[in-house]
Amino acid sequence: MYSKKRVYSIIFITFVLTTALYTSAIAFVPSLDSFLGSIRTILDRNDNLGARLNEINSYVDNYFINDYDKEKMADNALEGYVSALNDPYTEYISKSEYKEFMSELTGNYKGIGVEVYVDTDGYITVLSAFDDSPASNAGILPGDKIVGVNDTAVNIDNYNEAINMMRGIGEYGKTDDMTLTILRGSKKIKVDITRTEVVNQTVKTKMLDNNIGYVRISQFDDDTGTDFSRLTDNLIADGAKSLIIDLRDNPGGVLTGVVNVADKLLGKGKIITIKEKSGKETVYNSDKNEVDLPMCVLINRNSASASEVLAGALKDHKKATLVGEKSFGKGIVQTIFDLSDKSALKITTAKYYTPNGTCIHGKGIQPDYKVELNADKNIMALDASE
């Protein structure tokens, strides 16, 4: 990554050249005066930001007495700038983090196998522990607060450092062994855990009594749709007369994964509508082919995002009965934009709506039948009948 000083110099030179080009254009295209005036205003604002950062950088270079890491300073500055949007789902992703981030979306990566978010109390909170991962095998549960990694206390203030420690990025990858301090209710628990290659098999199936096919979807990644279709076909070929689709503690994932699963289950109709800031709407539809079996979908308070897309579509089309708890309530979409230095910006760009036109963000989806799971039980260790 370029040094911060060089980055700001490039930004400054770009602003100067761009301004010069726009100014020259006025002589040839007078009708653009109003438009270019707006552009100049934006450039002036950004140039002022760049000038202030350059000024700070100059003082640091000339007077700061201790050693410092320019790349880390630049990453922290960008993280702070984006965090001021006050959206927990929007974040700047550094170059080193981005590689790990993309590997998670494909399903295989090195880590402990948890999906986390920052709760309103500022603690890093476990949304899901993936099946057969180091986290689930160590007994980490949804709702656990990760308040320490080794000897470092962690919370919203050093969130990115905490994630890097758990993933073993950079200097934190010297050993795969770590100790997490977990806050569960009012009790603090020390958990020794070893980072491994996490192969997240997102779809698992089994045949229950009375020819009931059980399908567990732990997350949606690029392969989930294909795996779901193949494994569900196998259940039906083996004589399944009905299906239970388990979305409990499923934190979501990629849109294509859930759309492919919904298309497999639903007949011709709407799956989801995505509405962007500009007013543009994108509608995803299923074809006429469908799985024509009675279905039950299990959800809980940690079923979020893409899992709510599937549950909402099946409920609105009266294709399945929902059982469990009200879902998490994440009805917004994030888009990843690649930046020039191979870092990235993940930003909330749209809201999604169920087939009946409902945006469930902040509301969740109510089950048809409410059944609460004992909070002390690890879902991954339960028998399907529980």
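Along each chain, numbering runs from 1 in the same order as the chain's sequence is written. Residue-level local features of this predicted model are given only where pLDDT is at least 70; pairs of side-chain atoms are given and counted only at 80 or more, and the full residue set underlies all totals for whole chains, interfaces and linings. The side-chain quantities take in all heavy atoms of the structure and omit both hydrogens and water.

### Digging into the overall build of the chain
A run of H or I in DSSP becomes a helix once it reaches four residues, and a run of E becomes a strand once it reaches two; helices and strands are each numbered from the N terminus. Looking only at helices and strands, the chain features 9 helices and 19 strands. Within the span of the chain, comprising 386 residues, buried residues form 44% of the whole. Note on areas: Shrake-Rupley with a 1.4 Å probe; residue coverage comes only from the protein chains shown. A total accessible area of about 20,400 Å² is found for the chain, and carbon and sulfur atoms account for 51% of it. Each residue gets one of three labels from its accessible area relative to the maximum for its type: buried under 20%, exposed over 50%, partly exposed in between, using a 1.4 Å probe on protein chains only.

### Examining unusual backbone geometry
Its identity as a non-glycine residue notwithstanding, Asn210 has a phi of 65°, on the positive side. Within the secondary structure, Asn210 sits in the loop between strand 10 (203-208) and strand 11 (212-217). The class for Asn210 is exposed, based on a relative accessible area of 69%.

### Considerations on the sheet that holds strand 10
The sheet built from 6 strands is open, its strands ordered 10-11-12-15-16-19 with mixed pairing. Edge positions in the open sheet fall to strand 10 and strand 19 (369-370), since each of these has one partner strand only. Across 4 bridges, the pairing between strand 15 (residues 295-299) and strand 16 (residues 321-324) is parallel. Paired with Val297 across the strands is Leu322, a residue of strand 16. A pair of strands is considered paired only if DSSP assigns at least 2 bridges between the two.

### Side note on helix 9 (residues 306-316)
Taking burial as the measure, the 11 residues of helix 9 include 9 buried ones, the bulk of the element. Buried residues of helix 9: Ala306, Ser307, Glu308, Val309, Leu310, Ala311, Gly312, Ala313 and Leu314, and no others. Residue Lys318 follows helix 9 closely and has a positive phi angle near 55°.

### Here we look at the pairing of strand 11
Within strand 11, 5 of the 6 residues are buried, leaving the element largely enclosed by the surrounding structure. Hairpin geometry of strand 10 and strand 11 is characterised by an intervening segment of 3 residues between the two adjacent antiparallel strands and by a positive phi of about 65° at Asn210. Here strand 11 pairs with strand 12 (residues 242-246) via 5 bridges, running parallel. Bridge pairing links Val215 to Ile245 in strand 12. Handedness of a crossover is defined as follows: with both strands directed away from the viewer, a clockwise route from the first strand across the helix to the second makes it right-handed. Crossover strand 11 to strand 12 through helix 7 (residues 224-237) is right-handed.

### What about the confidence of the model for the chain?
pLDDT expresses, on a scale from 0 to 100, how confident the predictor is about each individual residue. On average, residues of the chain carry a pLDDT of 82, and 81% of them reach 70 or more. Contacts are assigned to residue pairs that have any heavy atoms within 4.5 Å of one another. Here residues 1-40 is a poorly scored stretch, pLDDT under 50, and it has 31 contacts once near neighbours within four places are set aside; other chains count. Under a pLDDT of 50 for its full length, residues 375-386 has, in the predicted model, 27 contacts with residues more than four places off or in other chains.

### Remarks on the side chain of Asp221
Relative to the helices and strands, Asp221 resides in the loop between strand 11 and helix 7. Within the structure, the side chain of Asp221 is placed 2.8 Å from the backbone nitrogen of Asp223, a separation counted as a polar contact. Each polar contact in these results corresponds to two N or O atoms within 3.5 Å; when the atoms are within protein, one needs to be able to donate a hydrogen and the other to accept it, and residues that are neighboring in sequence are counted only if both atoms are side-chain atoms.

### Focus on the packing of aromatic side chains
Each Phe, Tyr or Trp ring, with Trp reduced to its six-membered ring, pairs with another whose centre is within 6.5 Å; inter-plane angles below 30 degrees give stacked pairs, above 60 give edge-to-face pairs, and intermediate values give tilted ones. By the definition in use, this model includes 2 aromatic pairs. Ring centres 5.8 Å apart and planes at 70° place the aromatic pair Phe64 and Tyr68 in the edge-to-face group. Our definition puts a charge over a ring when NZ of Lys or CZ of Arg is within 6 Å of the ring centre and also within 35 degrees of the ring normal. The ring centre of Tyr353 lies 4.4 Å from the NZ or CZ of Lys275, which sits over that ring. The cationic tip of Lys330 hangs over the ring face of Tyr89; the distance from NZ or CZ to the ring centre is 4.6 Å.

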